Amino acid sequence: MIDRSASNTKVTIGMITKEWPPHIYGGAGVHVSNLVDALGKNPEVSTRVHCFGPKRSDAFNYELSGEISRINPALQALLIDSDIASKLQGCAIAHSHTWYANFAGYLASQALSIPHIVTAHSLEPLRPWKAEQLGGGYAISSWVEKLSYESAAAIIAVSDGMRNDVLNAYPNVDSRKVHTIRNGINTEKFAPSHDSATLKKYGISGPYALFVGRITRQKGLAHLLRAWKQVSPEFSLVLAAGSPDEPAIGAEVEQLIAELSAIRGNIYWLKEMLPHAALISLLTHAKTFLCPSIYEPLGIVNLEAMACETAVVASKVGGIPEVVVDGETGILVDFSSDHEAFETNFATAINTVMSDSSLADRYGKNGRKRTIAEFGWDKVASQTIDLYRSVI
């Protein structure tokens, strides 16, 4: 048990995150929300969530206003983090997620002499395209991340692939303090739903493949759109994709979608954030879920698809092979610098699954079994609490 010899109160964790419901746009936000819920079921731990953005009823919020809210986003993060760090008195541990929040954990560790734990959801050195989004702020985000990782009491990697990436990117980090605790999935919240109302709403008919994600270079959507030209025209493509990171990738994706639509006409682009029930319906009815990422520490979206009994075709990068088992829950495609070859091979994998219903069904059923057996949030919470114990 956690040592509470000096007090009979719960151990309080300062959970620091940019994203918090209802403002979640990526895997890190999904992770933090589910982790806090799971930790809340343990009587020894309490969490205080400190998040960016407008007021919430279940978290301490921090945001800038006026002219200062228009400065470089990286500088905004440093100012908000400084404010958060000053509000972490009484916390036994600062636990931060993504570089946006890392600096608050670092400052708290220095000013309050408490351990700082970082969860590594992605790494700035492996995302050079972020310079397009942050401009000069990319140098700041990279500095913050390096400082925070090298000084942290412990680092949680969401996959073994991410653990290796951390140690390669930051060779000064002691390998003994980097621990793999994989992301989880709520298999009650993500479960097959055969309600077809969402398909009717958007006019989707016939067998389709589905992509869900933000429009970023990391997610590989442009590669998928070029690959789709080699997919049988009898299959439709549904894209639940919005919020481009920066104008250039947004314009590129829009042009590729327009070209495909002009040729084929069965491309459905859903730009708005989907309600949960609609997302579950789309995942369930899809014959194949597509994840063409060029960088993916784990890929919660693949877990969500698998939990809905949907086969997955994904790129073999980062932590994806720790989720999608090639030939069992889907097909993995090697990513390489030869983009044309990758796109051709990705298209071949899509055609293989889309044209074989029995194969798609088998992959889908195996996927749900795997998520239930291996990726429960109760397991994630238990491993995280064990790590908390080790640094106090």
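Residues numbered from 1 in each chain as written. Predicted model: local features only at pLDDT ≥ 70, side-chain atom pairs only at ≥ 80, totals over all residues. Heavy atoms only, no water.

Draft legend 1. Structural view of the pairing of strand β2 (residues 45–52). The pairing of strand β1 (residues 11–17) with β2 spans seven bridges and is parallel. Of the residues in β2, the one forming a bridge with G14 is R48. On the question of chirality, the crossover connecting β1 to the parallel β2 by way of helix α1 (residues 27–39) is right-handed. Looking at chain direction, β2 and strand β3 (residues 60–62) are connected through three bridges and run parallel. Note that in β3 the partner of C51 across the bridge is N61. (Pairing = 2+ DSSP bridges. Helix = DSSP H or I, 4+ residues; strand = E, 2+ residues; numbered from the N terminus. Right-handed = clockwise from strand over helix to strand, strands pointing away.)

Draft legend 2. Representation of the sheet that holds β2 within the structure. Taken in spatial order, the seven strands line up as β3-β2-β1-β4-β5-β6-β7 in an open sheet, and their pairing is parallel. The open sheet is flanked by β3 and β7 (178–180), the only strands paired with a single partner. Looking at each pair of strands side by side, their axes are set apart by 25 degrees on average, direction ignored. Along the sheet, α1 makes contact with β1, β2, β4 (93–97) and β5 (116–120), crossing β1 at roughly 170 degrees. (Axes fitted to C-alpha atoms, helices over the stretch in contact; angles between N-to-C directions. Contact = heavy atoms within 4.5 Å.)

Draft legend 3. Up close: the pattern of salt bridges. In this structure the tally under the stated criterion is 14 salt bridges. Residue R226 is joined to E252 by a salt bridge in which the shortest nitrogen-to-oxygen separation is 3.3 Å. Note that R226 is positioned in helix α8 (residues 221–227) and E252 in helix α9 (residues 247–263), a separation of 26 residues in sequence. Classification of R226 by relative accessible area gives partly exposed; the value is 27%. Here E252 falls in the partly exposed class, since its relative accessible area comes to 25%. Across the pair E259 and K229 runs a salt bridge whose closest N-O atoms are separated by 3.8 Å. Pair noted here: E259 is in helix α9 and K229 is in the loop between α8 and β9 (236–242), with a separation of 30 residues, a long-range link. Within the structure, one salt-bridge network assembled from shared partners comprises R217, R226, E252 and E343. (Salt bridge = Lys/Arg side-chain N within 4 Å of Asp/Glu carboxyl O. Buried < 20%, exposed > 50% of the residue type's maximum accessible area, 1.4 Å probe, protein only.)

Draft legend 4. A look at the pairing of strand β13 (residues 330–334). Within β13, four of the five residues are buried, which leaves the element mostly enclosed by the surrounding structure. When strand β12 (residues 311–316) meets β13, the two strands line up parallel, connected through five bridges. In the strand pairing of β13, K316 is matched with D334.

Draft legend 5. Representation of helix α5 (residues 137–151) in the model. Along its 15 residues, α5 runs 21 Å from first to last C-alpha, staying within 8% of the 21 Å computed at 1.5 Å per residue. Within the sequence span of α5, burial applies to G137, Y138, S141, V144, E145, S148 and Y149. The arc enclosing the buried residues of α5, seen along the axis, measures out at 125 degrees, which places them on a common side. (Expected span 1.5 Å × (residues − 1). Arc of directions from axis to C-beta.)

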